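Remarks on the overall topology
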Amino acid sequence: MSNSKTAKDKLEFLLSTIENDILSMSDDEVLEEVNEGNIDLDTRANNIRQIISEEITNILKKRLYEAKENYREESEKQQIKNRLVKSADEAIELIKSIIETYGESIPKDLTLAFREGKGMSENDLISFIEDLEELGLLDKNGE
Amino acid sequence: MQGIRDVTEANPQEHATEGEVIEAVEKLSDTDMIRLEKIARTHLWVAQDADIKDLIQEALKRILSGKRKWPLHVPFMKFISGVMRSIAFDILKQMKTEQGLRVVQATNCDGQDSSKDYMEYEDKSSTTPEESLIFKQKLDEIENMFIDDEKALAVVMGKSEGFSPKETQEMFDLTETEYESAARKVRRRFSDYLNENKNNE
């Protein structure tokens, strides 16, 4: 017998083979052992099913919630687009006019971030307009 | 939802989609549920600081999040069993961390190859003496269950050394029938032992 395996290795080998033995049990063998116990097959199986079902439901609910949140954010962006601007060019013009009107009132980091709209995607521009709205620099009608 | 692809034809590189995982779970029979419960109890014997619900739900969370990807050529039950084993050892390491012992990082286990059907640690020398002692105690605990039965003990020792059934039979002079009978006894007695300990909690 090899002496090179650690206790940990031996334990792992042993547990994995016990696991394989359980997986290899026939349905009749499983039923025989269940019948020796106090709880019937349906109850035992349904207990495990419930544990599984609960977790899957939680995961899917969380996924749905995240999808809803993403949709809401995208929807808000779309609303701004519908209300105020129809294109990236229009967005840039709107932002420029606000910066000209309000000048020093606008935080420097925002005007620096704008950089005439160069390199900004449509979504970036929409987010920028949202920021300006939050600052109260334009109302929801774009004025 | 797309049906599960035929696992016998699956490329070892192919992994299941989330839908395929959920479908596999939904297809598990009542007896599969019992096997899953038995396997969970086996691993809870290692990770005593958890219960069946924790183990099974954490396994599903890891599988459905993609943290553990199910390779389609591996039967689902074998795969989820490997994930639960991995979690049980994570829990044991966590317990040891809380006791102030050094943590050993484990890699993923997808249960694909039975000869390597266990968690791989960085290297053997990274196990601390305290951890070795805990593993040794666990191993002794199992061996002591069969101290009264030479053949069953031989099977336990053979399994722990990673010997095949044939190798164990040759080494300990067992017939195939004797081996199978003893292996069944090992499984049953270990299962009864786990049930007794569960009832004593």
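From a predicted model like this one, the values you see are computed outputs, not experimental measurements.

Criteria and thresholds
Residues numbered from 1 in each chain as written. Chains lettered and ligands numbered in written order. Predicted model: local features only at pLDDT ≥ 70, side-chain atom pairs only at ≥ 80, totals over all residues. Heavy atoms only, no water. Helix = DSSP H or I, 4+ residues; strand = E, 2+ residues; numbered from the N terminus. Buried < 20%, exposed > 50% of the residue type's maximum accessible area, 1.4 Å probe, protein only. Contact = heavy atoms within 4.5 Å. Areas by Shrake-Rupley, 256 points an atom, 1.4 Å probe, with all protein chains shown as cover. Buried area = accessible area lost by both parts, 1.4 Å probe. Salt bridge = Lys/Arg side-chain N within 4 Å of Asp/Glu carboxyl O. Polar contact = N/O pair within 3.5 Å; in protein donor to acceptor, adjacent residues only side chain to side chain. pLDDT = per-residue confidence, 0-100. Axes fitted to C-alpha atoms, helices over the stretch in contact; angles between N-to-C directions. Parallel < 35°, antiparallel > 145°, perpendicular 65-115°, else oblique. Left-handed = near helix turned anticlockwise from the far one by under 90°. Nonpolar A, V, L, I, M, F, W, Y, C, P; charged D, E, K, R; others polar. Patch = residues over 30% accessible without salt bridge, like charges linked within 9 Å, V, L, I, M, F, W, Y side chains within 5 Å. Lys, Arg positive; Asp, Glu negative; His and termini not counted. Charge placed at Lys NZ, Arg CZ, Asp CG, Glu CD.

A closer look at the overall build of chain A
On a plain count of helices and strands, chain A comes out with six helices and zero strands. The secondary structure elements of chain A, listed N-terminal to C-terminal, are α-α-α-α-α-α. Each of the 143 residues in chain A was classed as buried or not, and the buried ones make up 36%. Taking all contacts inside chain A whose residues are at least 6 apart in sequence as the whole, residues at least 24 apart take part in 56%. Accessible surface, chain A as shown: approximately 8700 Å² in total, 47% of it carbon and sulfur.

With respect to the interface of chain A and chain B
At the interface, 46 residues of chain A touch 60 residues of chain B. Together, the buried faces of chain A and chain B total about 5100 Å²; carbon and sulfur atoms form 65% of this surface. Joining chain A to chain B, the criterion identifies twelve salt bridges. In this structure, the salt-bridge partner of A:Glu36 is B:Arg188, at a minimum N-O distance of 2.2 Å. Applying the counting rule to chain A against chain B returns 19 residue pairs in polar contact (both at pLDDT 80 or more).

Quick word on the confidence of the model for chain A
In this model, chain A carries a mean pLDDT of 82, and residues with pLDDT of at least 70 account for 92%. Predicted confidence in chain A is weakest over helix H5 (residues 108-114) of chain A, with a mean pLDDT of 78, and strongest over helix H2 (residues 27-36) of chain A, with 91.

Digging into the packing of helix H1 (residues 7-24) of chain A against helix H5 (residues 129-145) of chain B
Remark: H1(A) packs on H5(B), axes separated minimally by 8 Å, with the N-to-C direction vectors making an angle of 45°. Relative to H5(B), the element H1(A) is oriented oblique. Between H1(A) and H5(B) the crossing geometry is left-handed. Of the residues in H5(B), those touching H1(A) at A:Ala7, A:Lys8, A:Lys10, A:Leu11 and A:Leu14 are B:Ser132, B:Phe135, B:Lys136, B:Lys138, B:Leu139 and B:Ile142. Grouping the constituent residues of the contact of H1(A) with H5(B) by class yields six nonpolar, one polar and four charged.

Some words on the environment of B:Arg187
Relative to the helices and strands, B:Arg187 resides in helix H8 (residues 176-199). Residue B:Arg187 is classed as buried on the basis of its relative accessible area of 7%. Separated by 31 residues in the primary sequence, B:Arg187 and B:Val156 place their C-alpha atoms 9.8 Å from one another. Apart from the residues within four sequence positions on either side, B:Arg187 is in contact with A:Asp21, A:Ile22, A:Met25, A:Glu29 and A:Glu33. A distance of 2.6 Å separates the side chain of B:Arg187 from the side chain of A:Glu33, its partner in a polar contact.

A word on the side chain of B:Ser191
Counting through the fold element by element, B:Ser191 comes out in helix H8. Classification of B:Ser191 by relative accessible area gives buried; the value is 14%. Those residues within four positions of B:Ser191 in sequence are excluded, and the remaining contacts are A:Glu33 and B:Lys38.

Topic: a negative patch on the surface
Judged by side-chain charge, A:Asp89, A:Glu90, A:Glu93 and A:Glu100 come together as a negatively charged surface patch. Assignment of secondary structure puts A:Glu93 in helix H4 (residues 88-102).

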